[in-house]
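# Fold and geometry: a report
The primary structure of each chain is shown beneath.
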Amino acid sequence: FFFAFEQHHHTMADPYFDLIMNEDLANNEYPKDLEAVQASDGHKCLMAQVMTKELWEKLKDHKTASAGWTLARAINTGTCYPSSFVGCHAGDLESYTDYKELFYPVIEMYHKGYKTDGSMKHVTDMDVEKITTGLGDTTQAKIISTRIRTARNLKMFPLNPGGTKETRLEIADLMEKVFATLEGDLAGKFYRHTSMTPGETQNLVDWHFLFRGKDKMQAASGYHADWPHGRGIFVSADEKFLLWINEGDHIRIISMEQGGDVKSVFSRLSRGVAAIEAGLKAVTGRDDVYMHDEILGKIACCPSNLGTCMRGSVHILVPKLIAKIGFDEIDKIARGMNCQARGSSGEHSEVIDRIDISNWRRLGFPEYLLVQDMSGEIIRHDYAHSDPRFSAVLDDILKSLSVCLFITGLYSTFALPMSTVSPRTTP
């Protein structure tokens, strides 16, 4: 399974895994491809809306202190793939300040309403006791399973787009020591991509737990460099607590279970984040281990994940809806309501019979408040009955859609969504 991944490094570059730079950017020149996109009508890429030749000339020769991150590396994804909505990535914490003339406008355009001028601060608060209300019984009855995840990056390393094979391996080695400190329902087993057995690999694939890379847009940022080295997945004994290591960000922490008990899922996530932090502090002897900023919150490679770095999603089986109006129209509707539609297996994946819809905004609100906003019951008439495009297929999607509307915040702007897929689903 992983032998094939090893081979591409010894032959020609693979755009699904290897970092391939735009030719102009590789020569530290303003890219003609980007100019063409900027001159066209209707492009959505936020980076392309912000980037100018003047800004390029000002910053093109700068390198950040930690990762040596350049402006060329930062904008490579959006230049190579102008359909990328954000189109830029950070290689270390300094990227966000050294190139703030690029990143800050992009952040404000994505996280609408949030200001990066210092007048607003992001507060992280995962105190489950501050959630005072829960979902109504009717809503809970419609939910098959619930999933919430968050990401963290370690202060001791550059972000993965600016990292190396060595830094990824160091992170995996460090996390293996941290996993040994976990107890109770958080305890489990760490599987490395390079050493898991064929049987373990197949089980993780069958359960939809295993991340497998192969994304051109992410590869263009450097996400998948040196694949599969340094990658791994931790799974608790009860399969309700998972961590992805070096998938994109350093660690992705995931809590899931059957049913609609949001408070239980969030409680486990909160305990897991705290336990991982405590383990990191114990193993490294450091007092501060997670990368963060008082304005931007918890730091992520992509500006879209800044703040809480938290995402929840619903997977809904809607074959008739997909056939009726198509995925692009579904995504257009979702984006108009501060949500995002993805393919059946996550971002940029193929759309078959189901879609993934997730919350859009993550910056400027504490985690407990996002979950609190989900409380109560949103009646299906708030949206489903108001749009005639859904009327022909309501029998196929009504129950799932009403849950989707409630969960993803199509009604409550900053609500955090949950999953309606089976518990063994791609986190």
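Reading the values: the criteria
Residues numbered from 1 in each chain as written. Predicted model: local features only at pLDDT ≥ 70, side-chain atom pairs only at ≥ 80, totals over all residues. Heavy atoms only, no water. Phe/Tyr/Trp six-rings, centres within 6.5 Å; stacked < 30°, edge-to-face > 60°. Helix = DSSP H or I, 4+ residues; strand = E, 2+ residues; numbered from the N terminus. Buried < 20%, exposed > 50% of the residue type's maximum accessible area, 1.4 Å probe, protein only. Lys NZ or Arg CZ within 6 Å of the ring centre and 35° of its normal. Polar contact = N/O pair within 3.5 Å; in protein donor to acceptor, adjacent residues only side chain to side chain. Contact = heavy atoms within 4.5 Å. Pairing = 2+ DSSP bridges. Core = buried A, V, L, I, M, F, W, Y, C linked by side-chain atoms within 4.5 Å. Arc of directions from axis to C-beta.

## Focus on the packing of aromatic side chains
Inspection of every chain in the model, using the stated rule, returns 10 aromatic pairs. Both rings, one in phenylalanine 17 and one in tryptophan 227, keep their centres 5.5 Å apart while their planes meet at 45°; by these two values the pair is tilted. Taken as a pair, phenylalanine 17 in the loop between helix H1 (3-7) and helix H2 (23-26) and tryptophan 227 in the loop between helix H13 (216-219) and strand E3 (232-236) lie far apart in primary sequence, 210 residues in all. By relative accessible area, which is 0% here, tryptophan 227 ends up buried. Summarising the aromatic geometry, the rings of tryptophan 207 and phenylalanine 209 are spaced 5.8 Å apart at their centres and angled 70° between planes, so their arrangement reads as edge-to-face. Through pairs of rings, three or more aromatic residues link up here, namely Phe17, Phe211, Trp227 and Trp244. Taking the ring centre of tyrosine 290 as reference, the NZ or CZ of arginine 152 above it sits at 5.6 Å. A cation sits over an aromatic face here: lysine 214 above tyrosine 16, 5.5 Å from the ring centre.

## Re the side chain of histidine 250
The topology assignment puts histidine 250 in the loop between strand E4 (241-245) and strand E5 (251-258). Residue classification places histidine 250 among the buried positions, given a relative accessible area of 0%. Polar contacts involving the side chain of histidine 250 include one to the main-chain carbonyl oxygen of proline 158, which spans 2.8 Å. Every residue in contact with histidine 250, bar those within four places of it in the chain, is listed here: Arg152, Asn153, Leu154, Phe157, Pro158, Leu159, Asn160, Ile171, Trp244 and Ile245.

## Some thoughts on the pairing of E4
When a strand is regular, its side chains alternate between the sheet's two faces. Counting buried positions along E4 gives five out of five residues, so the element sits mostly inside the fold. Side chains Phe241, Leu243 and Ile245 of E4 all project onto a buried face; the interleaved residues Leu242 and Trp244 project onto the opposite face, where all are buried too. Judged from the five bridges that link them, E4 and E5 form a sheet pairing that is antiparallel. Bridging from a neighbouring strand, phenylalanine 241 pairs with serine 255 of E5. The antiparallel hairpin formed by E4 and E5 contains five residues in its connecting segment, where asparagine 246 sits at a positive phi of about 60°.

## Quick look at the nonpolar core
Across soluble globular proteins, nonpolar side chains have a tendency to be buried as a group. One finds Met51, Ile75 and Leu102 to be the most contacted residues of the largest nonpolar core, which totals 40 residues. Secondary-structure elements contributing two or more residues to this core are helix H3 (32-39), helix H4 (46-50), helix H5 (53-59), helix H6 (71-74) and helix H9 (100-110). It is H9 that contributes the most residues to this core, six residues altogether. For methionine 51, the contacting residues outside a window of four places in its chain are Tyr30, Leu34, Gln38, Trp56, Leu71, Ile75 and Leu102.

## Let's talk about helix H16 (residues 327-335)
Turning to H16, its buried residues number three or more, namely Ile330, Asp331, Ile333 and Ala334. Mapping the buried residues of H16 onto a view down its axis gives an arc of 160°, with all of them on the same face. Summarising the geometry of H16, the exposed residues directed more than 90 degrees from the buried face are Asp328 and Lys332.

So, to be careful, I would describe these as geometric facts and stop short of saying anything about function.
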